[in-house]
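Spelled out from the first residue to the last, the chains are:
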Amino acid sequence: TQVAVAYENAVLYSDAQRHASELHQEISERKLAEAERAKLLIREQLARADAEQANRAKDEFLATLSHELRTPLTAILGWSHLVRTGNLEAEQLSRAFETIERNARSQSQLIDDLLDVSRVITGKLQIEPRAVDLGAVVGAAIEAVRPALEAKNIHLESGLDTTGYFVSGDANRLQQIFWNLLSNAVKFTPEGGGVRVDISQLGNQARVSLQDS
């Protein structure tokens, strides 16, 4: 009887151990599956966040670029109109063609930016730093908005130094900045008002200041 009871107890203990082992394995597998699901959810959330950020960057990039495209186009149209009037002298005519050509090249660069899908998605522009004559860049931006200045009879004062201020930068991108500053100055200055542009040197740096009425 004792042997039978001992044998039965041993069988029951063995079954209990097996069930416990199976239960432990099931719990471990369930925890592992839950951990995998949690990791998958986190990856999905991160991927969704990255996609949303990329879409926002793309939308902001395209909105900015569409605005930038209008600036050289406005300069081209303005100077083309002045050329068509036939009232420009030889020197003014040469300056008009130079401005139209320069703005056409700038717009071509902007279109290249627009067509580069990888940069559109990441919201990055390609910067090519080199020695740049800041006075020449600001002067080119002034020439681009000159038809708009004359159309509103806005007086422009310029303190540009002919000796030039050379800085390290991207001439096209810097010109875009000054385009925007000058375009806004013309846009928000009342007819007959004034705009002033100055360049000054501060140690080893240069400062461009723009004032409007």
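Residues numbered from 1 in each chain as written. Predicted model: local features only at pLDDT ≥ 70, side-chain atom pairs only at ≥ 80, totals over all residues. Heavy atoms only, no water.

A.B. asks: Just give me the short version of the overall build of the protein chain, but keep the residues and values in it.
C.D. replies: In terms of helices and strands, the protein chain carries five helices and five strands. The N-to-C order of helical and strand elements in the protein chain reads α-α-α-β-α-β-β-α-β-β. For the protein chain, the C-alpha radius of gyration of 34 Å lies well beyond 17 Å, the compact-globule estimate for 213 residues. Relative to its full complement of 213 residues, the protein chain shows a buried share of 27%. Carbon and sulfur atoms make up 55% of the accessible area of the protein chain, which totals about 14,200 Å². Put simply, the protein chain has 23 plus and 30 minus side-chain charges, and the middle of one group is 1 Å from the middle of the other. (Helix = DSSP H or I, 4+ residues; strand = E, 2+ residues; numbered from the N terminus. Rg over C-alpha atoms; globule rule 2.2 N^0.38 Å. Buried < 20%, exposed > 50% of the residue type's maximum accessible area, 1.4 Å probe, protein only. Areas by Shrake-Rupley, 256 points an atom, 1.4 Å probe, with all protein chains shown as cover. Lys, Arg positive; Asp, Glu negative; His and termini not counted. Charge placed at Lys NZ, Arg CZ, Asp CG, Glu CD.)

A.B. asks: I'd like a description of helix H1 (residues 2–85), backed by residues and values.
C.D. replies: Think of an α-helix as turning once every 3.6 residues; residues three or four places apart then point the same way. In a regular helix each residue adds 1.5 Å, so 84 residues correspond to 124 Å; H1 covers 123 Å between its end C-alpha atoms and thus fits that length. Gly86 occupies a position one or two residues after H1 and carries a positive phi of about 75°. (Expected span 1.5 Å × (residues − 1).)

A.B. asks: Explain helix H4 (residues 134–151) residue by residue, including any values.
C.D. replies: Relative to the 26 Å expected for 18 residues at 1.5 Å per residue, H4 spans 26 Å between its end C-alpha atoms, a close match to the ideal helical length. The sharpest bend along H4 comes to roughly 50°, located at Val145, with the proline Pro147 sitting one to four residues further on. A large share of H4 lies buried, amounting to 13 of its 18 residues. Its side-chain oxygen 3.1 Å from the backbone nitrogen of Gly135, Asp133 forms the N-cap of H4. Backbone geometry just after H4 places Asn153 at a positive phi near 55°. (Bend = angle between axes of the 7 residues up to and from the residue. Polar contact = N/O pair within 3.5 Å; in protein donor to acceptor, adjacent residues only side chain to side chain.)

A.B. asks: So what's going on with a nonpolar patch on the surface? Which residues, and what values?
C.D. replies: Together, Leu62, Ile111, Leu114 and Leu115 line one region of the surface with nonpolar side chains, adding up to about 330 Å² of accessible area. As for its position among the elements, Leu62 is in helix H1. A relative accessible area of 32% places Leu62 in the partly exposed class. (Patch = residues over 30% accessible without salt bridge, like charges linked within 9 Å, V, L, I, M, F, W, Y side chains within 5 Å. Salt bridge = Lys/Arg side-chain N within 4 Å of Asp/Glu carboxyl O.)

A.B. asks: So what's going on with the nonpolar core? Which residues, and what values?
C.D. replies: Generally speaking, a soluble globular protein has its nonpolar side chains buried in company with each other. Counting residues in hydrophobic clusters, the biggest one holds 22 residues, and the most contacted among them are Phe178 and Leu182. Listed by contribution, the elements that provide at least two residues to this core are H4, helix H5 (171–188) and strand E4 (194–202). Ranked by the residues each element gives to this core, the list is headed by H4, at eight residues. If we skip the residues at most four places from it in the chain, Leu182 touches Ala141, Ile142, Val145, Val195, Val197 and Leu210. Residues Trp79, Leu82, Ala96 and Ile100 belong to the second largest nonpolar core, which totals five residues. (Core = buried A, V, L, I, M, F, W, Y, C linked by side-chain atoms within 4.5 Å. Contact = heavy atoms within 4.5 Å.)

A.B. asks: Run through the pattern of salt bridges, naming residues and quoting values.
C.D. replies: Counted by the stated rule, this structure contains eight salt bridges. For Glu101, the salt bridge is made with Arg105, and the minimal N-O distance between the two is 3.0 Å. With a gap of four residues between them, Glu101 and Arg105 both fall in helix H2 (residues 90–115), about one helical turn apart. Among the ionic pairs, Glu157 bridges to Arg196, the shortest N-O distance being 2.9 Å.

A.B. asks: Break down unusual backbone geometry for me, with residues and values.
C.D. replies: A positive phi is found at Asn153, a non-glycine position, where the angle reads about 55°. Examined against the element boundaries, Asn153 turns out to sit in the loop between H4 and strand E2 (155–159).

A.B. asks: Give a detailed account of the side chain of Asp198, specifying residues and quantitative values.
C.D. replies: In this fold, Asp198 is placed in strand E4. At 2.8 Å, the side chain of Asp198 forms a polar contact with the side chain of Arg196.

Shape descriptors only; they carry no functional weight alone.
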